[in-house]
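Each chain, letter by letter, is given below.
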Amino acid sequence: MQLRYSFRLYPSAGQRMALARAFGCARVVYNDALRARETARGEGMPFPKTGNLSKQLITEAKNTPERAWLGEVSAVVLQQSLRDLDTAYKNFFDGLKGKRPRMGAPRYKSRKDTRQAVRFTANARWSITTGGKLHLPKIGDVKVKWSRTLPSTPSTVTVVKDSAGRYFASFVVETGPEEILPETTPELGIDLGLGHFAVLSDGTKIDSPRFLRRAEKRLKKAQRDLSRKKKGSSNRDKARLKVARTHARVADARREFHHRLSTRLIRENQAVAVEDLAVKGLARTRLAKSVHDAGWSAFVSMLEYKAARYGRTFIRIGRFEPTSQVCSQCGVQDGPKPLHVRVWTCGACGAVLDRDINAAVNVAKAAGLAVSACGAQVRRAPVPAPRGEAGTHPTPQPSTAR
């Protein structure tokens, strides 16, 4: 499978200028190609092919006074910009056909976009020097902070400048079967929530770090300072960067927590089951900030790809499984319960169940995993007399070139 590794870059002042030039040239070629295709569509003509656009907007444009500066950057960067536009159109049309979630049509890129990126393939002759620096054509040898060793030779490298003004080198590498872990016995069900980030079927409860909530005071002050700066001023740019860096620290801490926890669960268990949560729906409720702060989707995605990488089994059960309504001891379903009910007693067998651990056990059972309810903190209680039978894409927004 393919994996992506990101490492922090520390370009010099001259290299930052060269990267800014590459970002700008790639953006101009992308916008020119998008404008050419939209013009053809408006006139009822077929879409121009990528080869024709490359000849017209790159090769021939370099010989004109208006676009002569395109020759100052690597041609591979400009070619990859056209490939990105092809991918954007493909994703848009696949969404219309129902092959993937719907998304908006390709939009024009702006020089004011806070995230910029260019991609170098093997044809660009980029390399990693013997001194551990990243050599990029027409940019130079850029200092890299290596945090690990790449498992194989990368096929491409993408240089990214994020909203916080940081530079990263993102490598795409191929991994083989040598990373598959030896088989183990435990199988696990996971119930994700807000009170606890995750509750495991073996009875373990993992607290939610609430990274955004902990940074709210600092973030509130930074955003207040930003709102008081004059638009277009240098001080406003500095204040915006401070807000972006605060958000980046929160996102980095959350990502680190997700990686550590997902790696541990995958290494220690042969099979892992989770519930398919309706995150978009929950994000439209009063719990939206807490839902986004938890980052369930990112965590589940990590579990999924790490299971495939290390030879484990990953199972996602349907979101309509009544995991909180079914007794994990006897299997009787006695209807929904309010969220404030954290411990409940089964009316059939009299077992006293912890709501979250019971749900985690039911997640594992719904996935067909061989788990027991011994970790569900069940205790016997007097059986009360029965009171009777239980009742039963966003619309794409228009955009303009800037």
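In this report, we go over the structure that sits alongside the text.

Calculation criteria
- Residues numbered from 1 in each chain as written.
- Predicted model: local features only at pLDDT ≥ 70, side-chain atom pairs only at ≥ 80, totals over all residues.
- Heavy atoms only, no water.
- Pairing = 2+ DSSP bridges.
- Helix = DSSP H or I, 4+ residues; strand = E, 2+ residues; numbered from the N terminus.
- Axes fitted to C-alpha atoms, helices over the stretch in contact; angles between N-to-C directions.
- Contact = heavy atoms within 4.5 Å.
- Parallel < 35°, antiparallel > 145°, perpendicular 65-115°, else oblique.
- Left-handed = near helix turned anticlockwise from the far one by under 90°.
- Nonpolar A, V, L, I, M, F, W, Y, C, P; charged D, E, K, R; others polar.
- Phe/Tyr/Trp six-rings, centres within 6.5 Å; stacked < 30°, edge-to-face > 60°.
- Lys NZ or Arg CZ within 6 Å of the ring centre and 35° of its normal.
- 1 Å grid on protein atoms, 1.4 Å probe; cavity = no way out; pocket = protein on both sides within 12 Å on 5 of 7 lines; lining within 4 Å.
- Points joined across faces, edges and corners; volume = space filled by probe spheres on them.

**A short note on the sheet that holds strand 1 (residues 2-10)**
Line of reasoning, step 1. Spatial strand order, 2-6-7-1-5-4-3: seven strands in an open sheet with antiparallel pairing. In this open sheet, the two strands that pair with only one neighbour each are strand 2 (116-121) and strand 3 (127-128).
Line of reasoning, step 2. Inspection of the sheet shows strand 4 (residues 134-136) paired to strand 5 (residues 140-145) by three bridges, in the antiparallel sense. Residue L134 lies in a different strand from strand 5, and its bridge partner there is V142.

**Overview of the sheet that holds strand 9 (residues 196-200)**
Line of reasoning, step 1. If you walk across this open sheet you meet the five strands as 10-9-8-11-12, and the pairing is mixed. Looking at strand neighbours, the two that pair on one side only are strand 10 (205-207) and strand 12 (313-317), the edges of this open sheet. For this sheet, the mean angle separating the axes of adjacent strands, direction not counted, is 20°.
Line of reasoning, step 2. Bridge count for strand 8 (residues 187-192) against strand 9 is three bridges, and the pairing is antiparallel. Within the sheet, the bridge partner assigned to D191 lies in strand 9 and is V199.
Line of reasoning, step 3. Sheet strands touched by helix 9 (residues 296-310): strand 8, strand 9, strand 11 (271-275) and strand 12. Its angle to strand 12, the strand with the most contacts, is close to 140°.

**Some thoughts on the packing of helix 1 (residues 13-42) against helix 2 (residues 50-59)**
Line of reasoning, step 1. Look at helix 1 against helix 2: their axes get within 11 Å of each other, and the N-to-C directions meet at 125°. With respect to helix 2, the element helix 1 is oriented oblique. Both helix 1 and helix 2 take part in a crossing whose hand is right-handed. Here V29, D32, A33, A36 and R37 of helix 1 come into contact with helix 2, specifically with T50, L53, L57 and I58.
Line of reasoning, step 2. Class assignment of the residues belonging to the contact of helix 1 with helix 2 gives a composition of six nonpolar, one polar and two charged.

**Topic: the packing of aromatic side chains**
Line of reasoning, step 1. Applying the stated criterion across every chain, the model contains 10 aromatic pairs.
Line of reasoning, step 2. Here a set of aromatic residues connected by ring pairs shows up, and it is made of F7, W126, W146 and F171.
Line of reasoning, step 3. Above the ring of F168, the side-chain terminus of R8 is found at 5.8 Å from the ring centroid.
Line of reasoning, step 4. A cation over an aromatic ring shows up here: K109 above the ring of Y30, its NZ or CZ 4.3 Å from the ring centre.

**Observations regarding the packing of helix 1 against helix 3 (residues 75-96)**
Line of reasoning, step 1. Packing of helix 1 against helix 3 brings their axes to within 9 Å, and their N-to-C directions diverge by 45°. One finds that helix 1 runs oblique with respect to helix 3. Crossing of helix 1 against helix 3: the hand is right-handed. The segment helix 1 lies against helix 3, with A22, C25, A26, V29, Y30, A33, L34, R37 and E38 engaging V77, L78, S81, L82, D84, L85, D86, A88 and Y89.
Line of reasoning, step 2. Here the contact of helix 1 with helix 3 is composed, by residue class, of 13 nonpolar, one polar and four charged.

**Quick notes on the environment of S54**
Line of reasoning, step 1. Relative to the helices and strands, S54 resides in helix 2.
Line of reasoning, step 2. With 156 residues separating them along the chain, S54 and R210 place their C-alpha atoms 48 Å apart.
Line of reasoning, step 3. Sequence-distant contacts of S54, defined by excluding residues within four places in its chain, comprise T59, Q79 and L82.

**Let's talk about the layout of surface pockets**
Empty space among the atoms becomes apparent when a probe as large as a water molecule is rolled across them.
Line of reasoning, step 1. Estimates place the volume of the second largest pocket at around 800 Å³.
Line of reasoning, step 2. Around the second largest pocket sit 28 residues that line it, and D191, L192, S324, L339 and R355 are the ones nearest its centre.
Line of reasoning, step 3. Elements with a contribution of two residues or more to the lining of the second largest pocket: strand 8, strand 9 and helix 10 (355-366).
Line of reasoning, step 4. It is helix 10 that provides the largest number of residues to the lining of the second largest pocket, a total of three residues.
Line of reasoning, step 5. Residues that form the lining of the second largest pocket fall into these classes: 13 nonpolar, six polar and nine charged.

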